[in-house]
Every structure is written in structure tokens, then in C-alpha cells.
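# Examination of the molecular architecture
What follows is the residue order along each chain.
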Amino acid sequence: MKSDASRQGREIRIEGIEKCWGETTALSGVDITVPAGSFTALLGPSGCGKSTLLRIVAGLEAPSSGRVRIGGEDMTQRPADKRNLSMVFQSYALFPHLSVADNITFGLRTRRVAKAARQARLERVAALLGLGPYLERKPSELSGGQQQRVALGRAVISERPVCLMDEPLSNLDAKLRHAMRTELRALQRSLGFTMLYVTHDQVEAITMADQVVLINEGRVEQAAPPHALYETPATSFAARFIGTPPMNILPATALGEIGARAEAEAGCALHFGIRPEALRPDPMGMLKMHVTGGEYHGADALVMGRIGGTEALVRVPGKTLPSGGAPMSLAVAPQDIHLFNAATGQRLDRPISAAQALASNDMAQATTVPDLNQI
Ligand SMILES: Nc1ncnc2c1ncn2[C@@H]1O[C@H](COP(=O)(O)OP(=O)(O)OP(=O)(O)O)[C@@H](O)[C@H]1O
């Protein structure tokens, strides 16, 4: 099964997709390449167009313009059942009157696969997903996680080169969801099919995917491997969407003279992005935070406060949670300062040397920084 299926993964190309419903534009100018055999997550807030895009790839919805190619073939006009793909939805869509075995093999029966071949494939898939003991049960006699496995089994047994999933784990409790994430990822790797997976959960996307496509209001905000999305977010939206708690976004005006110099050098209004985990308490640090509260999480803690009047968060080791009302000096490494054009939200590509002064521990610089707690 492994070698057959791993030859099957096919590239998906989404080219210039637009989708409008009357006045509503759900998708515009969407270009995405999903490499053969890879796992790509479509991530974004509710209503951003993820499901619409998946349904267009599936052939359940027609785009207003643009093309969908699978394995190099133009599928845009092809009906859903001729696209050679499998699908798993949030509602598992199991037939309640059929046994687990019949649910899993349903597609094979409609494709007239011979009984012996069906049985052999069923046994392999049941063993893979741990469903052997439940094959004669009805879906109502299974837990949510087991029902989910049946839906996965039905997708996997089809041995299609492409699998589309729309929030398949969202009905499961947190513990099961975590276990299923690992299982699903391992399954996709070992079988080698191409996965396009819709989720609004950034943890799900960054733990499972080779490539995360972040969508915002019908447009691709950034498409990148998880670590690139975290380390070099292309926009302030991407910076805030990936990472928990989200990145601090400080207007340059919150940073006194350093902020003003950085804006003059950049030639535009700036937002400084610094992750809560990139700020560290340091008496020599250039950033002054007025602490307003804290949240103990065990291994670590979150310190809430204001930097130059803007709300900010700092992640510290759990044992070092400071008390509220205290001022805190913070240091940041130069590579952990992200700069965004305040008007467009786009990341600044070129380095701005004045911004690096924020990372300096040189006391000579301190004279140029006002007392930010008073702002
Ligand atoms: N059949 C439809 N007719 C009109 N508008 C629609 C239709 N389907 C979706 N939309 C609109 O298109 C936009 C994108 O919807 P879509 O379901 O793709 O978003 P989503 O990112 O999958 O959201 P969620 O995570 O909440 O499922 C929304 O504004 C939605 O209201």
C-alpha cells in the first residue's frame, strides 16, 4: 500500500481564483501551489474563504474565474466525481444504517471493485486505523474519535492521489484532537497522498503542515513553511495570527526618539513587532514596561503591561512573575524586532539601523529614550 500510494501524490495548482456571490467577493487573486505528496493547511479566520476554496478544488463550487490543475491537468470544468480525490468533512457524513465496514468500503462498491480486493483493502485500512474490533458496529455505537477514524478510513481506502479535509477534527475534544493530529500526519506521510487541509486553528496548521497558506478576507496573506511564518511573517496580520499569545505590535510613537528616527529612516509610519517570548527582563534593557498584571501558567507566566501607552505581553519563566504596578526593563535581540509599514501592514524588507538601537544595551543610547512609562 505504501509504495503504490506514495507514487500517487499529485501537485495541486490553484491559479488566479476569484469567487463572487453577487456583491460578495469571497476569494480574489488566489494563487497556490501544493507540491505533490505534501501537506498544505489553509488557515485563516472564520469567513475568510477557506471552505469556498476547498470546495472549488473539490469541484463542488465553480470559480468565477481562474483555474484548478491537479497533476498538471486542468480540472476547472470537471465534475467532482471525475477529479480523482477523496474528501473528509467536519460532519463525518457516515451512513447511519450501514456498518463501519460498509461505510468504509462504500466508495469501492460503487466503483465495482471486486469483493476480494475490497476485503483485502478493508483489512489493511482497519489495521492502520485501529478499527478492526468495530467493523460490524453502526456509527451510532462509536465514539466521536472512532467515527472520525471511519471517515478517514473511507478517504484512505480509496487510494486517491489527493485528499481534501475541511476542519475534520473540530468535533473532537482537545485530547483526542491532539492524538488525531499526530495520527493523521503520520498516515499522510506514510501513504504519500497530497493533502489540502482547512483549519482555523493555527496550532493545528503549524504542527501538521509542510506549508501553511494564511488567508485573510479572500486573499493569500502568506504561504510558507510553519517556521518561516513564525520567524518572518510577511504582514502584521500574519505576525498576530501565528503564535500564542500573539506578537506585540507597537506603533513607533510608543518608542520615543528611537521610533521617530526609525520612521524617518524608513520613510513611512512603522509598527514594531516583538513576540512576548522575545522580550526578556534585563535591568539594562531599553524598553520600559509598566506592569499591570500577570498570569501564572506553571512552566511560564505572562506579564501584562504597557510600553509607551500600548498594551504589551511578556512571557517569563513561571517562577519569575513580577508583581503588578512595578516598572520592568526589557531587552530584545536585534533579529527579534520585526518592522511593518503601518499603512499597508507589509513587512519591511530592508534593515532600518535606527530600529536596532532598541536592541542595544549601550547606556549611551539610553539618554535618547524618554521615560516611556510616562507616555
Ligand atoms: N453559498 C454562498 N452564498 C453567498 N455567500 C457565501 C456562500 N458561501 C460562502 N459565502 C460567503 O463567502 C465568504 C467565505 O466563506 P467560507 O465558508 O469559505 O469561509 P471560511 O473561511 O471557510 O469560514 P469558516 O471557518 O467560518 O467555515 C463568507 O463571507 C461567506 O459568508
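Residues numbered from 1 in each chain as written. Predicted model: local features only at pLDDT ≥ 70, side-chain atom pairs only at ≥ 80, totals over all residues. Heavy atoms only, no water.

### Topic: the sheet that holds strand β9 (residues 211-216)
Strand order across the open sheet formed by six strands is β6-β7-β8-β3-β9-β10, with mixed pairing between neighbours. Of all the strands in the sheet, the pair left with one neighbour each is β6 (85-88) and β10 (219-224). Each strand of the sheet is rotated relative to its neighbour by a mean of 15°, with strand direction disregarded. Inspection of the sheet shows strand β3 (residues 39-43) paired to strand β8 (residues 194-199) by five bridges, in the parallel sense. Across the sheet, residue F39 finds its bridge partner in β8, namely M195. Seen against the sheet, helix α5 (residues 144-157) touches β6 and β7 (162-166) and runs at an angle of roughly 170° to β6. (Pairing = 2+ DSSP bridges. Helix = DSSP H or I, 4+ residues; strand = E, 2+ residues; numbered from the N terminus. Axes fitted to C-alpha atoms, helices over the stretch in contact; angles between N-to-C directions. Contact = heavy atoms within 4.5 Å.)

### A look at the site of the ligand
All residues adjacent to the ligand are W21, A26, P45, S46, G47, C48, G49, K50, S51 and T52. Residue G49 places a main-chain N or O atom 3.0 Å away from an oxygen atom belonging to the ligand. The separation between an oxygen atom of the ligand and a polar side-chain atom of S51 is 2.7 Å. Looking at which element gives the most residues to the shell around the ligand, the answer is helix α2 (residues 50-58), with three residues. Of the residues assigned to the shell around the ligand, the class counts are four nonpolar, five polar and one charged. (Near = heavy atom within 4 Å. Polar contact = N/O pair within 3.5 Å; in protein donor to acceptor, adjacent residues only side chain to side chain. Nonpolar A, V, L, I, M, F, W, Y, C, P; charged D, E, K, R; others polar.)

### Observations regarding the domain arrangement of the chain
Taken domain by domain, the chain consists of domain 1 (2-234) and domain 2 (245-374). Relative placement of domain 1 and domain 2: their C-alpha centres are 40 Å apart. Between domain 1 and domain 2, the residue contacts involve six residues of the former and eight residues of the latter. In total, domain 1 and domain 2 occlude about 500 Å² of area from one another, counting both sides; carbon and sulfur atoms represent 44% of this. It is Y230, P233 and A234 that lose the most area in domain 1 upon contact with domain 2, and together they represent 81% of the buried surface on that side. Our count for the domain 1 to domain 2 interface comes out at zero salt bridges. Across the contact surface, domain 1 and domain 2 share four residue pairs in polar contact (both at pLDDT 80 or more). Tallied by class, residues from the side of domain 1 that touches domain 2 come to four nonpolar, one polar and one charged. (Domains from an automatic or database assignment. Buried area = accessible area lost by both parts, 1.4 Å probe. Salt bridge = Lys/Arg side-chain N within 4 Å of Asp/Glu carboxyl O.)

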